[in-house]
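Architecture and fold: a report
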Amino acid sequence: MNNFNRIAPVYDSLSRIVFGRRLQRAQALFLDQIPSVDASGTGASVLVLGGGTGEILTAIFARQPGCHVLFLEPSARMVSQATRRVLRLTGPVGITFRVGDEKTLRSDEQFDTIITPFVLDLFTNETLQTHFIPCLQKTLKPNGIWLATDFVNTPVWWQRVLLWAMIRFFRLTAGIETQQLVDWQQTLRNAGLTRHAQQHTVWGMVSAEVWSH
Ligand SMILES: C[S@@+](CC[C@H](N)C(=O)[O-])C[C@H]1O[C@@H](n2cnc3c(N)ncnc32)[C@H](O)[C@@H]1O
């Protein structure tokens, strides 16, 4: 089990040094696809899984102020930073913070939108296939959408070096499981999901995508 507590205090600064604000912009690309209401006419339910320090929350509520967000993140220090960030938002926002991972999702928790920003690339193909993706599929409503944003393999030599270095860094500091970037898009496809939209960004190293059942 990985643990991002140790690097939580410096995570955003490191990300800015290497990528500027590109990773934040990438994960916000398809947020306007979050529905304004669910089938019963109340605010859409959104799961943000692995949202880190919660930078994405500001972007979500700017687009869909009426939605209800479950912010589920295993690093307690990340959650505490995200909580502080939300206190700075103006106006009431519907959000529940929970320390935990996909295994802690209850069967009665169902979402109109699931967001996994830079999370799928932490795992091996086997974990994604046998555990992580099936777990999330169970909580996605029949008409729900899954917004996945993650690094992808690239032929450009310096990007390959950077990806290799990032995986080594996160293996050392946070104990992530994978040793190489997996083809998470193929794994989502193999699980029976369908991609509706895609945009390459961050010099082609990142793909932001919209998937559904
Ligand atoms: C690379 S960071 C990305 C953080 C944030 N989404 C961002 O883009 O800045 C990966 C995040 O996923 C979280 N994480 C790790 N394993 C997880 C799991 N099984 N379920 C949900 N989140 C997980 C980590 O604690 C960490 O905050």
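The sections below set out a description of the structure shown in this document. (Residues numbered from 1 in each chain as written. Predicted model: local features only at pLDDT ≥ 70, side-chain atom pairs only at ≥ 80, totals over all residues. Heavy atoms only, no water.)

A look at the nonpolar core
Leu47, Trp146, Phe151 and Trp184 are the most contacted members of the largest nonpolar core, which totals 43 residues. In terms of residue count, the dominant contributor to this core is helix 6 (residues 157–174) (five residues). Val48, Ala82, Ile95 and Ala197 belong to the second-largest nonpolar core, a separate cluster that totals 24 residues. (Core = buried A, V, L, I, M, F, W, Y, C linked by side-chain atoms within 4.5 Å. Buried < 20%, exposed > 50% of the residue type's maximum accessible area, 1.4 Å probe, protein only. Helix = DSSP H or I, 4+ residues; strand = E, 2+ residues; numbered from the N terminus.)

Quick look at the environment of Ala148
Relative to the helices and strands, Ala148 is located in strand 5 (residues 140–151). Judged by relative accessible area, which is 0%, Ala148 ranks as buried. Between the C-alpha atom of Ala148 and that of Ala191, which follows or precedes it by 43 residues, the distance is 14 Å.

Details of a nonpolar patch on the surface
Together, Val10, Leu14, Ile17, Val18 and Phe169 make up an exposed nonpolar region whose accessible area comes to about 430 Å². The biggest single contributor to the nonpolar patch is helix 1 (residues 8–19), with four residues. The residue Ile17 is located in helix 1 in this model. (Patch = residues over 30% accessible without salt bridge, like charges linked within 9 Å, V, L, I, M, F, W, Y side chains within 5 Å. Areas by Shrake-Rupley, 256 points an atom, 1.4 Å probe, with all protein chains shown as cover. Salt bridge = Lys/Arg side-chain N within 4 Å of Asp/Glu carboxyl O.)

A look at the packing of helix 1 against helix 6
Running from amino to carboxyl end, helix 1 crosses helix 6 at an angle of 170 degrees, the nearest separation of the two axes being 14 Å. The angle between helix 1 and helix 6 places the two elements in the roughly antiparallel class. Between helix 1 and helix 6, the residues in contact are Tyr11, Leu14, Val18 and Phe19 and Leu162, Met166, Phe169 and Phe170, respectively. Its residues assigned to classes, the contact of helix 1 with helix 6 comprises eight nonpolar, no polar and no charged. (Axes fitted to C-alpha atoms, helices over the stretch in contact; angles between N-to-C directions. Parallel < 35°, antiparallel > 145°, perpendicular 65-115°, else oblique. Contact = heavy atoms within 4.5 Å. Nonpolar A, V, L, I, M, F, W, Y, C, P; charged D, E, K, R; others polar.)

A word on the side chain of Thr178
By secondary structure assignment, the location of Thr178 is in the loop between helix 6 and helix 7 (184–190). Relative accessible area serves as the criterion here: at 2%, Thr178 is assigned to the buried category. What Thr178 contacts, discounting residues up to four positions off in sequence, is Asp121, Leu122, Phe123, Thr124, Ile167 and Arg171.

Thoughts on unusual backbone geometry
Unlike most non-glycine residues, Val202 shows phi in positive territory, near 50 degrees. Residue position: Val202 is located in the loop between strand 6 (194–201) and strand 7 (206–212). The buried category is assigned to Val202, whose relative accessible area is 4%. Positive phi outside glycine occurs at Trp203, with the angle close to 60 degrees. Checked against the element boundaries, Trp203 lands in the loop between strand 6 and strand 7.

Let's talk about the packing of helix 1 against helix 4 (residues 76–87)
Between helix 1 and helix 4, whose axes approach to 8 Å, the crossing angle comes to 70 degrees. Here helix 4 runs roughly perpendicular to helix 1, going by the angle between their axes. For the pair formed by helix 1 and helix 4, the contact residues are Ala8, Pro9, Tyr11 and Asp12 on the first element and Arg77, Met78, Gln81 and Arg85 on the second. Residues belonging to the contact of helix 1 with helix 4 are distributed by class as follows: four nonpolar, one polar and three charged.

Considerations on the pairing of strand 6
Taken together, the seven bridges between strand 6 and strand 7 define a ladder with antiparallel strand orientation. Across the sheet, the residue bridging to His200 is Ser207, located in strand 7. Two successive antiparallel strands, strand 6 and strand 7, enclose a turn made up of four residues, where Val202 displays a positive phi of approximately 50 degrees. (Pairing = 2+ DSSP bridges.)

Considerations on the sheet that holds strand 4 (residues 111–117)
Ordered in space as 3-2-1-4-5-7-6, the seven strands form an open sheet in which the pairing is mixed. Every interior strand has two partners, whereas the edge strands, strand 3 (94–99) and strand 6, have only one. On average, adjacent strands in this sheet sit at an angle of 15 degrees to one another, irrespective of strand direction. Bridge count between strand 1 (residues 45–49) and strand 2 (residues 68–73): five bridges; the pairing is parallel. From the neighbouring strand, Leu49 faces strand 2, where its bridge partner is Leu72.

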